[in-house]
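In case you want the letters, here they are:
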Amino acid sequence: MKAVTWQGKRDVRVEDVPDPRIEEPTDAVIRITSTGLCGSDLHLYEVLTPFMTPGDILGHEPMGIVEEVGSEVTNLRPGDRVVVPFQIACGHCFMCDTGLFTQCETTQVTGEGMGAALFGYTRLYGAVPGGQAEYLRVPQAQFGPIKVPEGPSDDRFLYLSDVLPTAWQAVEYAAVPPGGTLAVLGLGPIGDMACRIAKARGAERVFGVDLVPERLARANRRGVQTYDLRAFDDEKALVHAIQDETAGRGPDAVIDAVGTEAHGSHAAKLIQQTAALMPRKLSGPLAERFSVDRMGALYMAIDLVRRGGTISLSGVYGGMADPMPLLTLFDKQIQLRMGQANVRRWTDVIMPYLTDEDPLGVDDFATHRLPLAEAPHAYEMFQRKQDGAVKVVMQP
């Protein structure tokens with residue numbers, strides 16, 4: 001089959017790889033019909049290269065048709081249309097029973113000291129072949145895949161794999177009070193969708209911050225009060241501008257939907273780039289113990305949120321030596337929540353929004369649709385924020 005493989009920093013290729021097969025009785029094999037390109041994939045493309053191996057199959061936002069199931073998968077049958085969550089969870093361990101599917105004790109990557117295995121996401125999370133491919137082996141298929149109805153296009157349901165539950169959890173963790181205010185830093189797919197969900201759930205005002213004109217315009221059309229970071233002399237001026245809109249206090253909650261690819265912090269960027277260029281035997285251990293993030297978005301969130309407010313992190317951070325302003329966090333009594341989205345915890349509450357009325361705008365959420373064969377171009381375009389690319393969907 002054809003699959004998108006990682007070959008090095010900013011080097012992805014579509015190659016022939018062996019077809020997946022049933023290996024365990026809880027497996028299923030899915031024929032992929034649509035697969036998303038996620039901002040987290042760009043971390044593999046650019047930042048987390050020390051944890052990648054040439055030939056790794058990328059992608060964690062797939063949906064498709066069930067081709068084959070293992071003997072213990074009784075909830076699916078060939079021909080079912082399914083969305084596959086990005087994490088692999090059993091559904092019955094202690095952690096799954098508490099709704100923490102990203103901490104699944106059955107699939108935890110204990111050798112790396114990490115949580116549940118993820119599709120297409122570094123050896124830290126199991127190096128499981130991902131979903132930017134023609135076919136996908138799905139472990140723990142007795143629980144993971146979400147059956148969806150025939151009829152609507154893939155776009156109606158595809159984002160249940162990641163974007164929708166990640167944005168929903170970000171808003172849930174932000175704990176915006178009824179009629180409250182929320183600022184979202186970063187208006188890529190997750191930040192954009194978090195704005196939509198927050199407004200649908202009753203936030204009185206939502207402020208969105210970015211520096212890409214297409215993203216700002218897109219959010220503004222849906223009623224978000226947007227701020228272009230480039231229009232301010234510095235980040236402090238932007239913080240003051242939003243605080244002035246909230247009686248000088250700052251918003252009740254802030255979502256950091258940017259993560260480690262934040263602009264600024266040239267020293268951290270240099271360290272990241274140096275690690276990516278080092279031999280793998282050196283870069284991996286160095287990154288594990290001394291990695292740092294570009295933390296401009298998180299620092300802005302800490303400055304921006306009101307005292308006693310909440311910061312919700314949905315952007316990916318991977319540093320082990322990141323400096324945190326604990327004095328400010330403590331003094332402002334800031335609550336901080338974070339983590340990979342527990343997809344199946346939220347899918348049932350999201351599903352009623354995926355109606356023909358389409359209140360969250362999923363049907364036209366993708367800005368670009370490309371064949372899988374054009375994946376290298378898709379990655380480059382998305383990483384460079386070219387041609388108005390906000391969300392890219394590929395079809396095998």
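Parameters and conventions
- Note on numbering: residues in each chain are counted from 1, in written sequence order.
- Local features in this predicted model are restricted to residues of pLDDT 70 or higher, and side-chain atom pairs are both shown and tallied only at a pLDDT of 80 or more, whereas totals for entire chains, interfaces and linings draw on every residue.
- To obtain the side-chain values, all non-hydrogen atoms of the structure were used and water was disregarded.
- Strand pairing follows a simple DSSP-based rule, namely that at least 2 bridges must link the two strands.
- In this text, helices come from DSSP runs of H or I with a minimum length of four residues, and strands from runs of E with a minimum of two, each type numbered from the N-terminal end.
- A fitted line through C-alpha atoms serves as each axis, taken over the contacting stretch for helices, and the angle formed by two N-to-C directions is quoted from 0 to 180°.
- What pLDDT expresses is the predictor's confidence in each residue, scored from 0 to 100.
- Note on definitions: a residue-residue contact is assigned when non-hydrogen atoms from the two residues lie within 4.5 Å.
- Roughly parallel refers to an angle under 35 degrees, roughly antiparallel to one over 145, roughly perpendicular to one between 65 and 115, and oblique to any angle outside these ranges.
- Two N or O atoms count as a polar contact when they lie within 3.5 Å, although within protein this holds only if one can serve as hydrogen donor and the other as acceptor, and sequence-adjacent residues are included solely when both atoms are side-chain atoms.
- Think of it in three bands: residues with accessible area under 20% of the maximum for their type are buried, residues over 50% are exposed, and the middle band is partly exposed, with areas taken using a 1.4 Å probe on protein chains only.
- A crossover counts as right-handed when, viewed with the strands pointing away from the observer, the path leading from the first strand over the helix to the second turns clockwise.
- The term salt bridge refers to a pairing of a side-chain nitrogen on Lys or Arg with a carboxyl oxygen on Asp or Glu at a separation within 4 Å.
- Remark: nonpolar core denotes a set of buried residues (Ala, Val, Leu, Ile, Met, Phe, Trp, Tyr, Cys) joined through side-chain atoms within 4.5 Å.

Some points on the sheet that holds strand S13 (residues 335-338)
Either a parallel or an antiparallel arrangement is found when strands of a sheet pair, and the pairing is made through backbone hydrogen bonds.
Then, number 1: On the basis of which strands lie adjacent, the open sheet formed by six strands has the order S10-S9-S8-S11-S12-S13 and parallel pairing. Either end of the sheet is taken by a strand with one partner, and the two such strands are strand S10 (225-228) and S13. Geometrically, the sheet is characterised by an average inter-axis angle of 20 degrees between neighbouring strands, direction not taken into account.
Then, number 2: Two elements, strand S12 (residues 310-313) and S13, share four bridges in a ladder whose sense is parallel. Paired with Leu-313 across the bridge in S13 is Met-338.

Let's talk about the confidence of the model for the protein chain
Then, number 1: The predicted model of the protein chain has a mean per-residue pLDDT of 90, with 89% of residues at 70 or higher.
Then, number 2: In the predicted structure, residues 262-272 sits below a pLDDT of 50 and forms 20 contacts with residues beyond four places in sequence or in another chain.
Then, number 3: Segment residues 286-293: pLDDT under 50, and 30 contacts once partners within four positions in sequence are set aside and those in other chains are kept.

With respect to the packing of helix H1 (residues 39-46) against helix H12 (residues 375-383)
Then, number 1: Axis separation between H1 and H12 bottoms out at 10 Å; the angle between their running directions is 100 degrees. As the angle between them shows, H1 and H12 are arranged roughly perpendicular. Where H1 approaches H12, its residues Gly-39, Asp-41, Leu-42, Tyr-45 and Glu-46 are matched on the opposing element by Tyr-379, Glu-380, Phe-382 and Gln-383.

Some thoughts on the side chain of Thr-35
Then, number 1: Here Thr-35 shows up in strand S3 (residues 28-37).
Then, number 2: Within the local environment of Thr-35, its side chain forms a polar contact with the backbone oxygen of Gly-131, the two atoms lying 3.0 Å apart.
Then, number 3: Residues in contact with Thr-35, not counting those within four places in the same chain, are Glu-61, Pro-62, Gly-131, Gln-132, Leu-158, Leu-372, Val-392, Val-393 and Met-394.

Details of helix H6 (residues 235-244)
Then, number 1: Among all positions of H6, only Leu-238, Val-239, Ala-241, Ile-242 and Gln-243 are buried.
Then, number 2: Looking at the buried side of H6, the elements it contacts are strand S9 (205-210), S10 and helix H9 (296-304).
Then, number 3: Capping of H6 at its N-terminal end is provided by Asp-234; its side-chain oxygen lies 3.2 Å from the backbone amide nitrogen of Lys-236.

Focus on the pairing of strand S8 (residues 181-185)
Then, number 1: In terms of burial, S8 is largely enclosed, as five of its five residues are buried.
Then, number 2: Burial along S8 is two-sided: Thr-181, Ala-183 and Leu-185 facing one way and Leu-182 and Val-184 facing the other are all buried.
Then, number 3: Where S8 and S9 come together, five bridges link them in parallel fashion. Residue pairing for S9: Leu-185 is matched across the bridge by Val-209.
Then, number 4: Handedness of the β-α-β unit built from S8, helix H4 (residues 189-200) and S9 comes out right-handed.
Then, number 5: Across four bridges, the pairing between S8 and strand S11 (residues 253-256) is parallel.

Some details on the environment of Gly-120
Then, number 1: Examined against the element boundaries, Gly-120 turns out to sit in the loop between helix H2 (94-97) and strand S6 (135-138).
Then, number 2: Look at Gly-120 and you get buried, because its relative accessible area is 4%.
Then, number 3: Each C-alpha atom, one on Gly-120 and one on Gly-59, is 5.0 Å from the other, the two residues being 61 residues apart in sequence.
Then, number 4: Setting aside chain neighbours within four positions, we find Gly-120 in contact with Leu-44, Ile-57, Leu-58, Gly-59, Val-128, Pro-129 and Gly-130.

Thoughts on the pattern of salt bridges
Then, number 1: Applying the stated criterion across every chain, the model contains 21 salt bridges.
Then, number 2: Measuring nitrogen to oxygen at the nearest pair gives 2.8 Å for the salt bridge that ties Arg-196 to Asp-192. With a gap of four residues between them, Arg-196 and Asp-192 both fall in helix H4, about one helical turn apart. Per residue, the accessibility class of Arg-196 equals that of Asp-192, and both read buried.
Then, number 3: Of the charged contacts in the structure, one is a salt bridge between Asp-228 and Arg-230, with a shortest N-O distance of 2.6 Å.

Looking at the pairing of strand S1 (residues 2-8)
Then, number 1: Counting buried residues in S1 gives five out of seven residues, a clear majority hidden from the surface.
Then, number 2: Here S1 runs beside strand S2 (residues 11-16); their pairing, made up of six bridges, is antiparallel. If you follow Thr-5 over to S2, its bridge partner there is Arg-13.
Then, number 3: Count of turn residues in the S1/S2 antiparallel hairpin: two residues, of which Arg-10 carries a positive phi of about 55 degrees.

Brief notes about the nonpolar core
Then, number 1: Residues Tyr-159, Leu-160, Leu-164, Met-193 and Ile-255 are the most contacted members of the largest nonpolar core, which totals 69 residues.
Then, number 2: If one sorts the elements of this core by residue count, helix H3 (residues 163-174) sits on top with seven residues.
Then, number 3: Those residues in contact with Tyr-159 that sit more than four places away from it in its chain are Leu-164, Pro-165, Val-362, Phe-365, Ala-366, Lys-391 and Val-393.

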